[in-house]
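One letter stands for each residue in the lines below.
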Amino acid sequence: MAETDNSPFYITTAISYPNGRPHIGHAYEAIAADVIARFQRLRGREVRFQTGTDEHGLKMARKAAEQGRTARDLADEMSGYFREMCDALDVSHDRFIRTVEDDHHRASQAIWERMAEEGDLYLDRYEGWYSVRDEAYYDESELVEGEGGEKLSPQGTPVEWTVEESWFFRLSKYEKPLLDLLRTPGFLEPASRRNEMIAFVEQGLRDLSVSRTSFDWGVKVPGSDNHVMYVWVDALTNYITGLGFPDDTQEMRKFWPADLHLIGKDIVRFHTIYWPAFLMSANLPVPKKVFGHGFLLNRGQKESKSVGNVTNPLDLAEAFGVDPLRYFLMREVAFGQDGSYSPEAIVTRANAELANSFGNLAQRTLSMIAKNMDGHLEAFDPAEADRKLLSQVGDACSRELPEAFEALSFSTGIEAWLRAVYACNQYVDEQAPWTLRKTDPDRMKVVLQTLFMALRDLAIAVQPVVPGKAADLLDQLGVPGDERGYANLKDADWYRRLVMAGFTVGKPTPIFPRLELPEAAA
Ligand code: ME8
């Protein structure tokens, strides 16, 4: 990993439709983005992290009408739940954007005007299929047949025939540059999604309908007051609204193009075809990377109101704790693939890996230091076994985990970290400090302090995943707040400074108590 990379880093999630409350998929994406944001901050980069809600469009308008309220009223209420979810899950965003905000309308109109100046917008009539659930236009050839013979979108959602006057964007003009972009290594990951998108563009791109006249819940098209923008035009623009576009702001100069748009696999087309084409048309740079993560399933099944298996992510956080939930989601699923969760799986993993392995290691070590050494640390000469352990732990924490996280392979990074935890536990069993207490108290001190040093590395490394619990442990270890970055892992002098400062270990409080399965889930 390049130690010296302290360039700015801009990461975004998709902005969610607030037509209902947040579900586990929303929590998953917000947590994954937060892990990346925290990781990059710990590497020393200046991070900007944006998330929010996508509030315009027919889906919102219809949902509000069903409930006999205005779209704005529905958006205000539901957007609040998304914001609360971020707070409850310790998501460290710099801006929570709502597309109803004035600066966003201004930015959307500005990008529109730039596309118009480029000659990429023209007025025509749209006749074709539209899925309100996906807020997407589909070509006849893309549709599939439902069980009752009805036409469905490739995502399995209902489509309706739509005829209206519309502005069109010359998407066809961008076929060649889009193919070049999609073929650029690293632009779109995982690779399976790249191949799908390349195939889609290779079939030929049709111009895209980018405004609607049959409803008015959206951003007004400049100069065409009876048109509102197609919701994806304004939604995608949120990524630059948040940096102050169209003004020539310091944020725009520093953070655009984005380093990473983190989104789900169902909306890759919008982010890697439409969005780059809009940006090219507006003469703005395209994002550096788009990653389409997989879907999270409830015991292998998609959550839906009709199946009655919709989980409120805040209930999971309440039942198991925020950090165990975050840990589970990042550890269980190979990032990019679909994954499954259940209360049993969360409890099993959290107990085996966090409570019994890591938490117990910290608890045992710190309580033995508090009890048998009066909490006092002192300088010591490590023996061969001690050096071996510290070098294994140091390598996992300062190299293996960061390299994997840089590549967005969170489960691989956590596995490397966990192997280091297991190595510590094996070392405790082999060294048996409780026996040394009677037979060789000096050696016991060396063993306990070796473990103390290992714990500090383990706690620093795992901060992006379990920020609250890692901070608790680092507090108990006396590690100063400004010495918790990844660069500090390479600082050979920290222990001596801690000893010199006279730090004493107090009676520890357990960081990861064992979890029980709630009655209802058992
Ligand atoms: O698509 N597992 O909003 P959205 C994992 N407003 N991720 C999931 C998921 C699941 N079960 N279900 C959804 C939209 N997601 C648009 C985005 S961006 C300019 C506009 C992901 O509320 C989904 O893939 O339907 C998307 O990335 C995010 O949640 C918001 O989905």
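Here the structure is a predicted model, which means the values were calculated and not measured.

### A short note on the overall build of the chain
The secondary structure content of the chain amounts to 18 helices and 17 strands. Computed over the C-alpha atoms, the radius of gyration of the chain is 26 Å, within 12% of the 24 Å expected from 2.2 N^0.38 for a compact globule of 522 residues. Taking the principal axes of its C-alpha atoms as reference, the chain extends roughly 90 × 50 × 40 Å. Within the chain, the proportion of its 522 residues that are buried is 45%. Within the chain, residue pairs in contact and separated by at least 24 positions form 74% of the contacts whose partners lie at least 6 positions apart.

### Comments concerning the UniProt feature "domain: Methionyl-tRNA synthetase anticodon-binding" (unreviewed entry) in the chain
Those residues carrying the UniProt feature "domain: Methionyl-tRNA synthetase anticodon-binding" (unreviewed entry) are residues 383-513 in this numbering. Overall, residues 383-513 shows 69% helix and 0% strand. The separation of its end C-alpha atoms is 32 Å.

### Section: the packing of helix α6 (residues 191-202) against helix α9 (residues 268-281)
Look at α6 against α9: their axes get within 11 Å of each other, and the N-to-C directions meet at 50 degrees. Overall, the two elements α6 and α9 adopt an arrangement that is oblique. By crossing handedness, the relation of α6 to α9 is classed as right-handed. Touching Arg 193, Met 197, Phe 200 and Val 201 of α6 are Val 268, Arg 269, Thr 272 and Ile 273, all from α9. Across the contact of α6 with α9, the residue classes tally to 5 nonpolar, 1 polar and 2 charged.

### Remarks on the pairing of strand β4 (residues 121-131)
For β4 and strand β8 (residues 160-169), the ladder comprises 10 bridges, and the chain directions are antiparallel. Note that in β8 the partner of Tyr 130 across the bridge is Glu 160. Looking at chain direction, β4 and strand β5 (residues 136-138) are connected through 3 bridges and run antiparallel. Following the sheet pairing, Trp 129 is matched in β5 by Tyr 138. Between β4 and β5, which pair antiparallel and follow one another directly, the connecting turn spans 4 residues, one of which, Glu 135, has a positive phi of 50 degrees.

### Things to note about the sheet that holds β5
Spatially, β5-β4-β8-β10 is the arrangement adopted by the 4 strands of the open sheet, whose pairing is antiparallel. Only two strands of the sheet have a single partner each, and these edge strands are β5 and β10 (208-209).

### Thoughts on the sheet that holds strand β2 (residues 47-53)
Strand order across the open sheet formed by 6 strands is β3-β2-β1-β14-β15-β9, with parallel pairing between neighbours. Edge positions in the open sheet fall to β3 (95-98) and β9 (188-189), since each of these has one partner strand only. When strand β1 (residues 9-13) meets β2, the two strands line up parallel, connected through 4 bridges. What sits directly across from Thr 12, in β2, is Gln 50.

### Some details on α6
An ideal rise of 1.5 Å per residue puts 16 Å on 12 residues; α6 measures up with 16 Å between its terminal C-alpha atoms. On its buried face, α6 sits against α5 (175-183), β9, α9 and β15 (290-293). Remark: Gly 204 follows α6 within two positions and exhibits a positive phi of approximately 105 degrees.

### A closer look at the environment of Asp 475
Tracing the backbone shows Asp 475 in helix α17 (residues 467-476). Note: C-alpha distance between Asp 475 and Tyr 427 (48 residues apart in sequence) is 24 Å.

### Thoughts on the site of the ligand
The environment of the ligand is formed by 18 residues, the closest being Ala 14, Ser 16, Gly 25, Asp 54 and Gly 264. Elements supplying a minimum of two residues to the shell around the ligand: α1 (24-42), α7 (231-241) and β14 (260-264). When residues in the shell around the ligand are grouped by element, the largest group, 4 residues, is from α1. Of the residues contributing to the shell around the ligand, the split by class is 10 nonpolar, 5 polar and 3 charged.

### So, the domain arrangement of the chain
Taken domain by domain, the chain holds domain 1 (9-120 + 170-293) and domain 2 (352-501). On a C-alpha basis, the centres of domain 1 and domain 2 stand 41 Å from each other. Contacts between the two partners involve 8 residues from domain 1 and, on the opposite side, 11 residues from domain 2. Split into classes, the residues belonging to the side of domain 1 that touches domain 2 amount to 4 nonpolar, 1 polar and 3 charged.

### Things to note about the environment of Ser 108
With respect to the secondary-structure elements, Ser 108 resides in helix α4 (residues 102-117). Residue class for Ser 108 comes out buried when judged on the 27 C-beta atoms lying within 10 Å of it. Between the C-alpha atoms of Ser 108 and Thr 237, which are 129 residues apart in sequence, the distance is 6.0 Å. Apart from the residues lying within four places of it in its own chain, the contact partners of Ser 108 are Val 219, Met 229, Val 233, Asp 234 and Thr 237.

### So, the packing of helix α12 (residues 343-372) against helix α14 (residues 410-431)
Where α12 meets α14, the axes come as close as 10 Å, and the angle between the chain directions of the two elements is 50 degrees. Overall, the two elements α12 and α14 adopt an arrangement that is oblique. Two packed elements cross with a definite hand, and for α12 against α14 that hand is left-handed. Contacts between α12 and α14 pair Glu 353, Ser 357, Phe 358, Leu 361 and Arg 364 from the former with Leu 418, Val 421, Tyr 422, Cys 424, Asn 425 and Val 428 from the latter. Tallied by class, residues from the contact of α12 with α14 come to 7 nonpolar, 2 polar and 2 charged.

What counts as what
Residues numbered from 1 in each chain as written. Predicted model: local features only at pLDDT ≥ 70, side-chain atom pairs only at ≥ 80, totals over all residues. Helix = DSSP H or I, 4+ residues; strand = E, 2+ residues; numbered from the N terminus. Rg over C-alpha atoms; globule rule 2.2 N^0.38 Å. Buried ≥ 20, exposed ≤ 12 C-beta atoms within 10 Å, placed from the backbone. Contact = placed C-beta atoms within 7 Å. UniProt positions renumbered as here; feature names shortened; annotations may be inferred. Axes fitted to C-alpha atoms, helices over the stretch in contact; angles between N-to-C directions. Parallel < 35°, antiparallel > 145°, perpendicular 65-115°, else oblique. Left-handed = near helix turned anticlockwise from the far one by under 90°. Nonpolar A, V, L, I, M, F, W, Y, C, P; charged D, E, K, R; others polar. Pairing = 2+ DSSP bridges. Expected span 1.5 Å × (residues − 1). Near = placed C-beta within 6 Å. Domains from an automatic or database assignment.

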